[in-house]
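Reading the structure
Listed here are the chains, written in short residue letters.
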Amino acid sequence: MVKKNLMKRIPFLLLLILPFFTTAQSQKIKLNEAIKIAQKKSPQYVRAVNTYQGSYWRYRNFKADFLPQVRLDATLPEYSNAIQRITNDEGQDIFVNQNQSRIEAGLSINQKVPFTGGQFFVSSELQRVDRFGDNEATNYSLVPFSINYFQGSLFYNPYKWDRKIEPLLYEESKRNIIENMENISLTTCRRYFGLLKAQMSLEIAKKNLSNQDTLLQITKGRFKIGKIAENELLQIELSHLISKNNVTTNTILLKQTSQDLARFLELDTETIELQVPEKLEEFGVDVAKALSEAETNRKSVIEFRRRRLEAEQEVAEVKGSNRLTMNLSANFGLNRRADEYDDLFQDYDQQQRVSLRVGIPIFDWGVSKSRRKMAEADLSLVENDLKQEKQEFEQEIYLHTLNWSSQRDFLATAEKAQEIALKRYEITKKRYVLGKITITDLNIAQQEKDKAVVDYLNSLEKFWVDYYTLRRLTLYDFAQDEKITIEDIIFD
């Protein structure tokens, strides 16, 4: 009989011993360690860095675009031997045989003028043409310098708006990557507690199975001697089967959550041993302080300004091109043509050109007016949306700050409830063993105990999630009383 009972217990003993072997090679991680790993290796981190990288190079390109651009263009050489159509001195189109080669080189400097919205060019050009055949000859042309200025519109300056908007976009990106880092903290926290609760649930299920196994043996003994009815035996057998199923279900859940966290952290193992995070040292969060830090640090505040400027830019562009349009182009320089190269550098001819193009819509069936009204309506809509979003922004921070002030009380209550439920279950189990209560009372105590343990973990998870949410909403660490920053990210 003893041997038979021992054989029955072997699978259960293996179930208890196996975790010690499987966790021997496990990786122990704390919550703050998991967050640090995620902020260096997770897919969200890679995505955040790539997004910031694009914004960084866009801003670098914007700044470089306002610096002088030097360019060399050359044709080395261009040869043609074909019949071409040309216009002679009498204005007639004739066909002639062209057998020639052309070599040219030009050096130019281009500079945008942000105060006017125009572009300034300085260029120099040298050309050589060689004619072959009966009229063999060589000609040179030199433009030692030429100064050009082009203004697309006298009433709209796109560079002025770019210089206002692009720095805001870049500042947005810098704040955005900090917010993304805090989002990574939030995601890691949720995955961490997902696995922690799965581990705790499996531990509870195994312990319950162990207790149910012991109680089943006791109940069978009582039933044999007639101390209890068959109904109570069936009840304990049912509870025992349910406990087995719970072990299986929580084992699968543990595997799934461990895989989720391991993939997110790019770990080499899925066997992870987590520790229950400790509570933070108590600190206060003032609503006014939270709002002030959020308005100083969050990207949303910069985004509000940028979106309003973009809407104002659209109105300015429509007004600048809707009625009277004026394009200015001017050129001044020297040039020289000669048959000999040495003759190019004397007796220069001047070249000047000024062009002012004017466009005045006389009758356009209200197209100009409708474009202006649409732009103004869009601006009004953006201003209304921004006002609403700003109110929601402030309300979210205000409500979350008030909610955070209650989290410690909720957590303390859940912790006390867990302590009471565990103590009550132990007392109830002893009373059942002594035969003073029914199996129904024991099952109720077990269910309340399990619920209290899970409720405490849920409350602890909400405590930490709310803490990292507060950090993300304000980009301020109230525990350390300092602004949240990240290490400089440098791109080659």
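All values derive from a computational prediction rather than experimental measurement.

**Focus on the side chain of R472**
- Among the structural elements, R472 can be located in helix α9 (residues 439-474).
- Here the side chain of R472 touches N183 through a polar contact of 3.4 Å, side chain to side chain.
- When neighbours within four sequence positions are excluded, R472 is seen to be in contact with E179, E182, N183, L186, R298 and E396.

**Remarks on the packing of aromatic side chains**
- Taken as a whole and assessed by the stated rule, the structure comprises 20 aromatic pairs.
- For the ring pair F66 and Y159, a centre distance of 5.6 Å and an interplane angle of 85 degrees mean the geometry is edge-to-face. Placement of F66 in the loop between α3 (43-65) and β2 (69-87) and of Y159 in helix α4 (residues 158-224) is noted, with a sequence separation of 93 residues between them. Each member of the pair F66 and Y159 is classed as buried.
- Seen in terms of ring centroids, Y476 and F478 are 4.9 Å apart; in terms of plane orientation they differ by 65 degrees. Their pairing is edge-to-face.
- Classification of F478 by relative accessible area gives buried; the value is 9%.
- Three or more aromatic residues link up through ring pairs in this structure, and these residues are Y52, Y56, W57, Y59, F62, F66, Y159 and Y170.

**Here's the deal with the confidence of the model for the protein chain**
- For the protein chain, mean pLDDT is 84; residues scoring 70 or higher make up 92% of the total.
- Throughout residues 1-24 the model reports pLDDT below 50, and contacts reaching past four residues in sequence, or to other chains, amount to 11 contacts.

**Remarks on α4**
- With 67 residues, α4 should reach 99 Å at 1.5 Å per residue; the first-to-last C-alpha distance of 95 Å fits that figure.
- One side-chain oxygen of the residue at the start of α4 lies 3.0 Å from the amide nitrogen of Y159, identifying that residue as N157.
- Remark: G226 follows α4 within two positions and exhibits a positive phi of approximately 80 degrees.

**Details of the pairing of β2**
- Of the strand pairs in this sheet, β2 and strand β3 (residues 93-113) are connected by 17 bridges, and their pairing is antiparallel. Residue A74 lies in a different strand from β3, and its bridge partner there is A105.
- Hairpin connection, β2 to β3: the antiparallel pair is bridged by 5 residues, and G91 has positive phi, about 80 degrees.

**Re the nonpolar core**
- Ranked by internal contacts, the top residues of the largest apolar core, which has 44 residues, are L31, F193, L265, I272, L274, W464 and Y468.
- Elements that contribute at least two residues to this core include exactly α2 (31-41), α3, α4, α5 (230-265), β6 (272-274), α6 (287-297), α8 (367-433) and α9.
- The dominant element in this core, judged by the number of residues it contributes, is α9, at 10 residues.
- Ignoring sequence-local partners within four residues, the contact set of W464 consists of L31, C189, F193, P277, E278 and L280.
- One finds Y52, F62, F66 and L475 within the second-largest nonpolar core, a separate group that totals 12 residues.

Basis of the calculations
- Residues numbered from 1 in each chain as written.
- Predicted model: local features only at pLDDT ≥ 70, side-chain atom pairs only at ≥ 80, totals over all residues.
- Heavy atoms only, no water.
- Helix = DSSP H or I, 4+ residues; strand = E, 2+ residues; numbered from the N terminus.
- Polar contact = N/O pair within 3.5 Å; in protein donor to acceptor, adjacent residues only side chain to side chain.
- Contact = heavy atoms within 4.5 Å.
- Phe/Tyr/Trp six-rings, centres within 6.5 Å; stacked < 30°, edge-to-face > 60°.
- Buried < 20%, exposed > 50% of the residue type's maximum accessible area, 1.4 Å probe, protein only.
- pLDDT = per-residue confidence, 0-100.
- Expected span 1.5 Å × (residues − 1).
- Pairing = 2+ DSSP bridges.
- Core = buried A, V, L, I, M, F, W, Y, C linked by side-chain atoms within 4.5 Å.

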